[in-house]
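So you can see what is in the structure, the chains are spelled out below.
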Amino acid sequence: RRIEPFILFGSSFPKDREYTQVCRNINQIKICMETGRTVILLNLENLYESLYDLLNQYYIVLGGTRYVDLGLQTHRVKCRVHNDFKLILIAEKGTVYEKFPTPLINRLEKHFVLTETVLLDWQKEVLIRLEEWIKQFSNVTDTNASFKTQDAFVGFQNDTPASVIFQATEQLRDEEFEGTEEWRE
């Protein structure tokens, strides 16, 4: 039986940063930790300090069971860690290197994921054509102007073309052209 991961995300809203909400979030992580359910954290920088021992895998083993300290400020509690438990932090590369404390960065196994990695071969071919078109479209021949792709496409980032292709083809998959070569065009 496969258990879906528990996704916990925060925001910059004041209520999400209050002490009581941080306590609730830690309690939810504790429950998942004890039951072996994977937790995915997004935008919860205010929690990571409480999870240092867990991230560092600083476990205490008693009777074959792993325990770790979870805490908030000076209050620390020993919690059971199920063997199947995994904790995943999702953050943008820039956020990690600009805002995360160095000890936290050192505790993490880091993976760099791009949307392009989930594209099928034929979608990657479309991606190449789209990127070529973007370059042509945003090319300004006036040498006095400093014009970037972001000026032509508001919010453009390096991963934008792959994300557009992925989303568009997923939407088309549900429409009438599914299963035919026609919908790929």
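(A) Representation of the overall build of the chain in the model. Of the regular secondary structure elements, the chain holds eight helices and six strands. Put simply, the chain runs from its N terminus to its C terminus through helices and strands in the order β-α-α-β-α-β-β-β-β-α-α-α-α-α. Relative to its length of 185 residues, the chain is extended, with a C-alpha radius of gyration of 22 Å against a globular reference of 16 Å. For the chain, the C-alpha atoms occupy an extent of roughly 65 × 45 × 30 Å along the three principal directions.

(B) A look at the sheet that holds strand E1 (residues 6-9). The strand order E1-E2-E6 describes an open sheet built from three strands, whose pairing is parallel. The strands lining the two open edges of the sheet, one partner per strand, are E1 and strand E6 (87-90). Mean inter-strand twist for the sheet, computed between neighbouring axes without regard to direction, equals 20°. Bridge analysis of strand E2 (residues 39-42) against E6 gives four bridges, and the strand direction is parallel. Bridged to Val-39 within E6 is Leu-87.

(C) Quick peek at helix H8 (residues 160-173). For H8, which comprises 14 residues, the first-to-last C-alpha distance of 20 Å matches the rise-based estimate of 20 Å (1.5 Å per residue) to within 8%. Looking at the packing, one finds that the buried side of H8 touches helix H6 (121-138).

(D) Molecular detail of the packing of H6 against H8. Between H6 and H8, the least distance of the axes is 9 Å, while the angle of their chain directions is 130°. By the angle class used here, H6 and H8 are oblique. H6 and H8 meet at a crossing whose hand is right-handed. Contacts between H6 and H8 involve Trp-122, Gln-123, Val-126, Leu-127, Leu-130, Glu-131 and Ile-134 from the first element and Pro-161, Ala-162, Ile-165 and Thr-169 from the second. Tallied by class, residues from the contact of H6 with H8 come to eight nonpolar, two polar and one charged.

(E) Highlighting the state of the cysteines. Applying the stated rule across the entire model yields zero disulfides. In this structure Cys-23 is not part of a disulfide, and its nearest cysteine sulfur, from Cys-79, lies 12 Å away. Of the cysteine sulfurs around Cys-79, a residue in no disulfide, the closest is that of Cys-32, at 12 Å. A relative accessible area of 1% means that Cys-79 is categorised as buried.

(F) Summary view of the pattern of salt bridges. If you walk through the whole model with that rule in mind, you get two salt bridges. The shortest N-O distance in the salt bridge between Lys-30 and Glu-34 comes to 3.4 Å. With Lys-30 and Glu-34 both in helix H2 (residues 19-35), this residue pair falls four residues apart, about one helical turn. One salt bridge in this structure joins Lys-78 and Asp-69, with 2.9 Å as the shortest N-O distance. The partly exposed category is assigned to Lys-78, whose relative accessible area is 46%.

(G) Focus on the side chain of Thr-169. By the secondary structure assignment, Thr-169 is in helix H8. Side-chain polar atoms of Thr-169 contact the backbone oxygen of Ile-165, separated by 2.8 Å. At 3.2 Å, the side chain of Thr-169 and the backbone oxygen of Phe-166 are in polar contact.

(H) Molecular detail of the sheet that holds strand E4 (residues 65-72). One open sheet holds the three strands; their spatial order is E3-E4-E5, and the pairing between them is antiparallel. At either margin of the open sheet sits one strand with a lone partner, and together these are strand E3 (60-62) and strand E5 (75-81). Here the strands of the sheet are splayed against their neighbours by 35° on average, with no regard to which way each runs. Across three bridges, E3 lies against E4 in antiparallel orientation. Residue pairing in the sheet places Val-61 in a bridge with Arg-66 of E4. The sheet strands contacting H2 are E4 and E5, and the helix crosses E4 at an angle near 175°.

The rules behind these values
Residues numbered from 1 in each chain as written. Predicted model: local features only at pLDDT ≥ 70, side-chain atom pairs only at ≥ 80, totals over all residues. Heavy atoms only, no water. Helix = DSSP H or I, 4+ residues; strand = E, 2+ residues; numbered from the N terminus. Rg over C-alpha atoms; globule rule 2.2 N^0.38 Å. Pairing = 2+ DSSP bridges. Axes fitted to C-alpha atoms, helices over the stretch in contact; angles between N-to-C directions. Expected span 1.5 Å × (residues − 1). Contact = heavy atoms within 4.5 Å. Parallel < 35°, antiparallel > 145°, perpendicular 65-115°, else oblique. Left-handed = near helix turned anticlockwise from the far one by under 90°. Nonpolar A, V, L, I, M, F, W, Y, C, P; charged D, E, K, R; others polar. Disulfide = S-S within 2.5 Å. Buried < 20%, exposed > 50% of the residue type's maximum accessible area, 1.4 Å probe, protein only. Salt bridge = Lys/Arg side-chain N within 4 Å of Asp/Glu carboxyl O. Polar contact = N/O pair within 3.5 Å; in protein donor to acceptor, adjacent residues only side chain to side chain.

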